[in-house]
Amino acid sequence: MKSLEDLERLKEETLQDIRLRTSSGSPRIVIGMGTCGIAAGARETMLAIIDELKVRRKFDVTITETGCIGLCAKEPIVEVHMPGQPKVLYGNVDPSRGRQIVVSHIVNHKPIDQWIINVEDNS
Amino acid sequence: MSLHLLDLLQNSAHAGARNVHVILIEDEANDLLEITVSDDGKGMSSAEQARVLDPFYTSSGHKKVGLGLPLAAQAAAMAGGSVSIESNESGGTRVAVSYRLSHPDRQPLGDVAATLVSFVAGNPLIDLVFEYQGPKDVFRLDTRQIRTEGEGQLAFIAKFEEKLRGGLSSAGYRPDRGGLFHEVTGRS
């Protein structure tokens, strides 16, 4: 049997988790960090994206990661979720492309068409 | 090698871990380099543990290979080391990868800070404890100790990276230190 504090903590963690997943008000970037993503340089891409967000002072953007989605040849793969917009999947995102995606898509709301591999409309 | 570490950390995240403990030991007296990752994730059955080093085994449904641990094991075997896995079906896994520190085929450590920063950035719900026993000093960093209430994700990541890089360098960390081949070509 768990103590009351354990349950309280579990509740707080779960709520936090839900907030994170449903925070539709702010942009979200998801980076593929499976073995294939890592081998293709996803770590450097992520650090470049974090750095560019800092430079552009976009502190409301949430960054998370995901595993292999089965498209290893296109790694590093980066998903951009803008509030109220379909999910955009970019392929072969090296650090320089990562920075450009932040500037063009997140800051200026202009997706970079030639690097998009999929657009998923969930609405 | 820091990329193998990132792969192991992803396994922990995938297992639903909330707390991850990383220990990196450079033991010159015993010519040993050891990376240990312990988590409180869902754990593995003994049948699963027996198969994780098989590159064609994966717990994932949508792909046919699982290369993270097999690649780390290969790198260890090439450098006179081994992988040990302890896991409990009721939760918790500990993976230790060891190498002979001076082995010519031992890969250099690479940018461990970049690995930990990207892991912490991508998994804001996981608390990480990192311990480093370097050639000069011992360094320990706990994300719970540096997290403050209401601070943004980016601010936290910046603070974490600064403390991590500072601590690593004063403990004598050198990313390029590795086997003969890597030392010459500078690859990591």
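Preceding block: the structure.
These remarks concern the structure in this document. No experiment lies behind these values; they were computed from the predicted model shown. (Residues numbered from 1 in each chain as written. Chains lettered and ligands numbered in written order. Predicted model: local features only at pLDDT ≥ 70, side-chain atom pairs only at ≥ 80, totals over all residues.)

As for the overall build of chain A
Rule in force here: What counts as a helix is a DSSP run of H or I of at least four residues, what counts as a strand is a run of E of at least two, and both are numbered from the N terminus. To sort residues by burial, count the other C-beta atoms lying within 10 Å of each one's C-beta; a count of 20 or more means buried, 12 or fewer means exposed, and anything in between means partly exposed. C-beta atoms are built from the backbone. For the purpose of contact definition, each residue receives a C-beta atom placed from its backbone, and two residues are in contact when these atoms lie within 7 Å.
Each helix and strand counted, chain A has four helices and five strands in total. By its C-alpha atoms, chain A is 55 × 30 × 30 Å across when sized along the principal axes. Per-residue burial over chain A gives 33% buried out of 123 residues. Considering only residue pairs separated by 6 or more positions, chain A has 71% of its internal contacts joining residues 24 or more positions apart.

Focus: the overall build of chain B
Of regular secondary structure, chain B possesses seven helices and six strands. From first element to last, N terminus to C terminus, chain B shows the α and β order α-β-β-α-α-β-β-α-β-β-α-α-α. If one aligns the C-alpha atoms of chain B with their principal axes, the spans along those axes are about 45 × 40 × 25 Å. Split into buried and exposed, the 188 residues of chain B put 38% on the buried side. For chain B, the share of sequence-separated contacts (at least 6 apart) that also reach a separation of at least 24 residues comes to 67%.

Let's talk about helix 3 (residues 68-78) of chain B
All names here are of chain B. Spelled out, the test is: For this quantity, the arc is that covered by the directions from the helix axis to the C-beta atoms.
Among the residues making up helix 3, those that are buried are G68, L69, A72, A73 and A76. Taken end-on, helix 3 shows its buried residues confined to a sector of 120°, consistent with a single buried face. Count one or two residues on from helix 3 and you reach G80, which has phi positive near 65°.

Observations regarding the nonpolar core
Worth spelling out the cut-off: Residues of type Ala, Val, Leu, Ile, Met, Phe, Trp, Tyr and Cys that are buried and joined through C-beta atoms within 7 Å form what is called a nonpolar core.
Ranked by size, the top nonpolar core spans 71 residues in total, and within it A:I50, B:L116 and B:V117 carry the most contacts. The element contributing the most residues to this core is helix 4 (residues 112-122) of chain B, with eight residues. The contacts of A:I50, once residues within four sequence positions are left out, are A:I63, B:A121, B:L154 and B:I157.

So, the sheet that holds strand 3 (residues 78-81) of chain A
Residues and elements named next belong to chain A. The condition that has to hold: Paired strands, in this sense, are two strands between which DSSP finds at least two bridges. Only the stretch in contact is used when fitting a helix axis, every axis being a line fitted to C-alpha atoms; angles between N-to-C directions are given from 0 to 180 degrees.
Here we have five strands laid out as an open sheet, ordered 2-1-3-4-5, and mixed in their pairing. Two strands lie at the open edges of the sheet, namely strand 2 (62-66) and strand 5 (116-120), each paired on one side alone. Taken over all neighbouring pairs, the strand axes of this sheet differ in orientation by 20° on average, direction set aside. Note that strand 4 (residues 87-90) and strand 5 share four bridges and pair antiparallel.

Some words on the sheet that holds strand 5 (residues 127-133) of chain B
Residues and elements named next belong to chain B. Read across the sheet, six strands follow the order 3-4-2-1-5-6 without closing on themselves; strand pairing throughout is mixed. The sheet is open, and its two edges are formed by strand 3 (82-87) and strand 6 (138-142), each paired on a single side. Averaged over all pairs of adjacent strands, the angle between strand axes in this sheet comes to 10°, irrespective of strand direction. Across five bridges, the pairing between strand 5 and strand 6 is antiparallel. When the bridges of strand 6 are listed, F130 appears paired with L141.

With respect to the interface of chain B and chain A
Going by this rule: Side-chain classes follow a simple rule in which Ala, Val, Leu, Ile, Met, Phe, Trp, Tyr, Cys and Pro form the nonpolar group, Asp, Glu, Lys and Arg form the charged group, and the remainder, Gly included, forms the polar group.
The partner chain A presents 23 residues to the 24 residues of chain B that form the contact. Those elements giving two or more residues to the side of chain B that touches chain A turn out to be helix 1 (2-14), helix 3, helix 4 and helix 6 (153-170) of chain B. The leading source of residues in the side of chain B that touches chain A is helix 4 of chain B, at six residues. Counted by class, the side of chain B that touches chain A contains 12 nonpolar, 10 polar and two charged residues.

Things to note about the packing of helix 3 (residues 42-55) of chain A against helix 4 of chain B
Rule in force here: Any angle that falls under 35 degrees is termed roughly parallel, while one over 145 is termed roughly antiparallel, one within 65 to 115 roughly perpendicular, and all others oblique. By convention the crossing between two helices is left-handed if the near helix lies anticlockwise of the far one by an angle smaller than a right angle, and right-handed if it lies clockwise.
Interaxial distance between helix 3 of chain A and helix 4 of chain B falls to 9 Å at its minimum, and their mutual angle equals 65°. Taken together, the axis directions place helix 3 of chain A and helix 4 of chain B in an arrangement best described as roughly perpendicular. Where helix 3 of chain A crosses over helix 4 of chain B, the two elements pack in a sense that is left-handed. Mapping the contact onto sequence places A:R43, A:M46, A:L47 and A:I50 in helix 3 of chain A and B:A114, B:T115, B:V117, B:S118, B:A121 and B:G122 in helix 4 of chain B.

Describing the pairing of strand 3 of chain A
The side chains of a regular strand alternate, residue by residue, between the two faces of the sheet. Looking at chain direction, strand 1 (residues 28-32) of chain A and strand 3 of chain A are connected through four bridges and run antiparallel. Bridge pairing in strand 3 of chain A places A:V30 opposite A:E79.

A look at unusual backbone geometry
With omega at -10°, the peptide bond leading from A:E75 into A:P76 counts as cis. Here A:P76 is to be found in the loop between strand 2 and strand 3. Phi angles above zero are rare outside glycine, and B:D31 is one such case at about 50°. Mapped onto the elements of the fold, B:D31 is located in the loop between strand 1 (19-27) and strand 2 (32-39).

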